[in-house]
Amino acid sequence: MTDILVPTWPVTPYAVDRLPSQWRPTRRLTLLMPFYRETEATLARSARAVAALEYPPELLQVLWLVEDGPDGAQDRERAVRVRAAVNRPDLDWEILRLPSMRPKGAALNHAFPHADGEVIAVVDADVVPGPGQPAEAVWALEQDYALVQADEVSERGTRLTARLRAAEDAVWQASVRGLARTAGVHVVAGSSVYAWASTWDRVRPIRSDDVEESYHWSLQLMSHGVRTGFLRTPSGVSSTESAGAALRQRARWTRGQLRAVAVNWPGLSARGRVLGAVTVGSLAARAALPVAVAASAVSPRARKVTAALLAADALCVLGARRSSEYRDRADGLAWALVVPWHLVGSASVYRALWEWARGDRGWHSVRAVSDAGTTGPEARPDDQ
């Protein structure tokens, strides 16, 4: 998701502090895990994470979603191989062939009828949920939450871009929790998210004509007034080493969010419109920043606007770094460079508007993808 210019301190508390010592899950849980042209390393990483989950195997259904037909053959073969390698025959673990995986919303629409859990989670291919996360999520939902989500902690990687993205992700997560506390609205993530099956029914069928399906969920769920929360146990997510790929991903997020606000606005309640307005306002501020910086050379008023925007962004970063929950997710240099990185990332707003104007609904991936043995940093619109 794109960053939000809202206070990051204090953040809203987690849905639950800890699990009761005598509590044991009794709810059937389904994990929906979509895969599309993934490397074998990504599939193996996901398989090890599934095998390590601390949830009663008789209550767990795992659905690995792959595409049927020739396009999904490689994913299916690899999925069968890595599932066998972790040797968990006690799990209800199915490799589900779907007629379409493009975009993710279409895959989820095909998959939901196969989910038999009272609780359904969506976990992306490169995400590794903490072993205790599913149990914490189910316990939280039983405390009268409709949906809960976990932070996704980026691996720092080796390049500066990966370290910057780890810090930027921490700021975004703190912003989301800060927004929930100050305005009572919640930007729902597209992965590491758990909800009652009845909650998912509120947003089904999921939009399959856009690449930012989770932001549609956010707006709709806020308009329904459901209670949402955050999990203490995080997920790990693979690092983004390429600056170009990270900026393309930001453009995709921006385009999807702006389109979601425009499409949903007439039917939104006041709560949904608050979320939409915060998002659009934050993106407008991002877009204004490079213009204000350029104008500062000749205009004192522009210097004041620039200083105010940079100060607001710096306060968001400092608020996130102040929290012990986020401070150690990145090194000092990465934290210091988040604001300049946001300045560079402002160009993604303009790219998003350009893509939207020309009707582009493509997906920019930040992971290496596999296609007949080749890999690349970006999946083109026809590929994802």
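Residues numbered from 1 in each chain as written. Predicted model: local features only at pLDDT ≥ 70, side-chain atom pairs only at ≥ 80, totals over all residues. Heavy atoms only, no water.

Caption draft 1: Structural context of unusual backbone geometry. Here the residue pair Trp9 and Pro10 is connected by a cis peptide bond, since its omega of 0° sits within 30 degrees of zero. Its identity as a non-glycine residue notwithstanding, Arg37 has a phi of 50°, on the positive side. By the element assignment, Arg37 lies in the loop between β1 (29-34) and α1 (40-51). Judged by its relative accessible area of 11%, Arg37 is buried. In this model, Asn87 sits at a positive phi of 55°, which is unusual for a non-glycine residue. (Helix = DSSP H or I, 4+ residues; strand = E, 2+ residues; numbered from the N terminus. Buried < 20%, exposed > 50% of the residue type's maximum accessible area, 1.4 Å probe, protein only.)

Caption draft 2: Seen up close, the pattern of salt bridges. The final tally for this structure, using the stated rule, is 25 salt bridges. With a shortest N-O distance of 3.6 Å, Asp209 and Arg259 are connected by a salt bridge. Remark: Arg259 occurs in helix α8 (residues 243-264) and Asp209 occurs in the loop between α6 (197-201) and α7 (213-224); sequence separation between them is 50 residues. Note on Asp209: relative accessible area 29%, which makes it partly exposed. (Salt bridge = Lys/Arg side-chain N within 4 Å of Asp/Glu carboxyl O.)

Caption draft 3: Examining the environment of Val127 more closely. Inspection of the secondary structure assignment puts Val127 in strand β5 (residues 127-129). Sequence-wise, Val127 and Ser238 are 111 residues apart; in three dimensions their C-alpha atoms are separated by 7.0 Å. Aside from chain neighbours lying at most four places away, what touches Val127 is Arg45, Glu152, Ser191, Ser192, Ser235, Gly236 and Val237. (Contact = heavy atoms within 4.5 Å.)

Caption draft 4: Spotlight on the packing of α8 against helix α14 (residues 347-357). Orientation of α8 relative to α14, taken along the N-to-C sense of each, is 60°, at an axis distance of 8 Å. Relative to α14, α8 is oriented oblique. α14 is crossed by α8, and the crossing has right-handed handedness. Mapping the contact onto sequence places Leu247, Arg248, Arg250, Ala251, Thr254, Arg255, Leu258, Arg259 and Ala262 in α8 and Ser348, Val349, Arg351, Ala352, Leu353, Glu355 and Trp356 in α14. Looking at the contact of α8 with α14, its residues break down into 8 nonpolar, 2 polar and 6 charged. (Axes fitted to C-alpha atoms, helices over the stretch in contact; angles between N-to-C directions. Parallel < 35°, antiparallel > 145°, perpendicular 65-115°, else oblique. Left-handed = near helix turned anticlockwise from the far one by under 90°. Nonpolar A, V, L, I, M, F, W, Y, C, P; charged D, E, K, R; others polar.)

Caption draft 5: Representation of helix α9 (residues 270-295). In this model α9 runs 36 Å from its N-terminal to its C-terminal C-alpha over 26 residues, within 8% of the 38 Å that 1.5 Å per residue would give. Looking at α9, one finds that the buried residues are Gly272, Leu275, Gly276, Thr279, Ser282, Leu283, Ala285, Arg286, Ala287, Leu289 and Ala292. Of the surrounding elements, those touching the buried residues of α9 are α5 (160-183), α7, α8, α10 (300-322), α13 (338-345) and α14. (Expected span 1.5 Å × (residues − 1).)

Caption draft 6: Quick look at the sheet that holds β5. The 8 strands lie next to each other as β3-β2-β1-β4-β7-β6-β8-β5, forming an open sheet whose pairing is mixed. If you trace the sheet from one side to the other, it starts and ends with β3 (92-98) and β5, each paired once. Between one strand and the next, the sheet's axes are offset by a mean angle of 25°, whatever the strand orientation. Relative to strand β8 (residues 228-237), β5 runs antiparallel, the two being bridged by 3 bridges. (Pairing = 2+ DSSP bridges.)

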